[in-house]
Amino acid sequence: MTATSGPASKQKARFVVMYDTPSDIDAFERHYTDVHIPLAKQYPGLRRYTRSHEPAAVIGEPCYMIVMLDWDDLTALEAALGSDIGRRTAEDAAANLARYATFRGMILQLNEV
């Protein structure tokens with residue numbers, strides 16, 4: 001077994017979104033809390049949803065918030081993002097959150113070593 005391979009049951013997938021400081025923090029937080037979180041929590045197969053406000057930057061520029069969503073594997077994550085609720089959540093982010101903050105997302109495949 002190598003450091004990058006292992007039992008499939010140990011592989012996890014994570015969708016990470018980093019938000020820059022919103023132009024209107026109150027409006028951003030209100031929409032994020034009241035609309036976006038309830039949408040995202042409906043992703044099929046979602047195992048965990050966490051967020052951190054104002055994370056301490058060690059290297060690089062700081063950001064306002066980081067959100068992490070976890071699935072059992074990459075297949076489940078991709079299926080969730082492509083689902084009806086996945087499209088609705090992405091549309092909400094593009095139409096409503098993007099007016100207040102720049103954000104970027106990435107998909108990670110996590111392998112325990």
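Residues numbered from 1 in each chain as written. Predicted model: local features only at pLDDT ≥ 70, side-chain atom pairs only at ≥ 80, totals over all residues. Heavy atoms only, no water.

1. Comments concerning the UniProt feature "domain: EthD" (unreviewed entry) in the protein chain
Per the UniProt record, "domain: EthD" (unreviewed entry) is annotated on residues 26–95. For the annotated span residues 26–95, helix accounts for 51% and strand for 19% of the residues, and the straight-line distance between the end C-alpha atoms is 17 Å. (UniProt positions renumbered as here; feature names shortened; annotations may be inferred. Helix = DSSP H or I, 4+ residues; strand = E, 2+ residues; numbered from the N terminus.)

2. Let's talk about the pattern of salt bridges
Going through the model one piece at a time under the given rule, you end up with five salt bridges. Across the pair Arg 14 and Asp 70 runs a salt bridge, and its minimum N-O distance is 2.6 Å. In this pair, Arg 14 is assigned in strand β1 (residues 12–19) and Asp 70 in strand β3 (residues 65–71), connecting sequence segments 56 residues apart. (Salt bridge = Lys/Arg side-chain N within 4 Å of Asp/Glu carboxyl O.)

3. Quick look at the packing of aromatic side chains
According to the stated counting rule, one finds six aromatic pairs in the structure shown. Here Tyr 19 and Phe 28 contribute two aromatic rings whose centre-to-centre distance is 5.4 Å and whose plane-to-plane angle is 65°, an arrangement assigned as edge-to-face. Relative to Tyr 32, the ring of Tyr 19 has its centre 5.7 Å away and its plane inclined at 80°; by these criteria the two rings are edge-to-face. Residue Tyr 19 is found in strand β1, and its partner Tyr 32 is found in helix α1 (residues 25–40); the two are separated by 13 residues along the sequence. An identical accessibility class is assigned to Tyr 19 and Tyr 32; each is buried. By the ring-pair criterion, three or more aromatic residues cluster together here, those being Tyr 19, Phe 28, Tyr 32, Tyr 64 and Phe 103. (Phe/Tyr/Trp six-rings, centres within 6.5 Å; stacked < 30°, edge-to-face > 60°. Buried < 20%, exposed > 50% of the residue type's maximum accessible area, 1.4 Å probe, protein only.)

4. Observations concerning the side chain of Asp 92
Inspection of the secondary structure puts Asp 92 in helix α3 (residues 84–97). Here Asp 92 is buried and forms no salt bridge, its nearest opposite-charge partner Arg 99 lying at an N-O distance of 7.5 Å. Looking at Asp 92, its side chain comes within polar contact range of the side chain of Asn 96, at 2.7 Å. Ignoring any residue separated from it by four or fewer positions in sequence, one finds Asp 92 in contact with His 31, Val 35, His 36, Leu 39 and Leu 97. (Lys, Arg positive; Asp, Glu negative; His and termini not counted. Polar contact = N/O pair within 3.5 Å; in protein donor to acceptor, adjacent residues only side chain to side chain. Contact = heavy atoms within 4.5 Å.)

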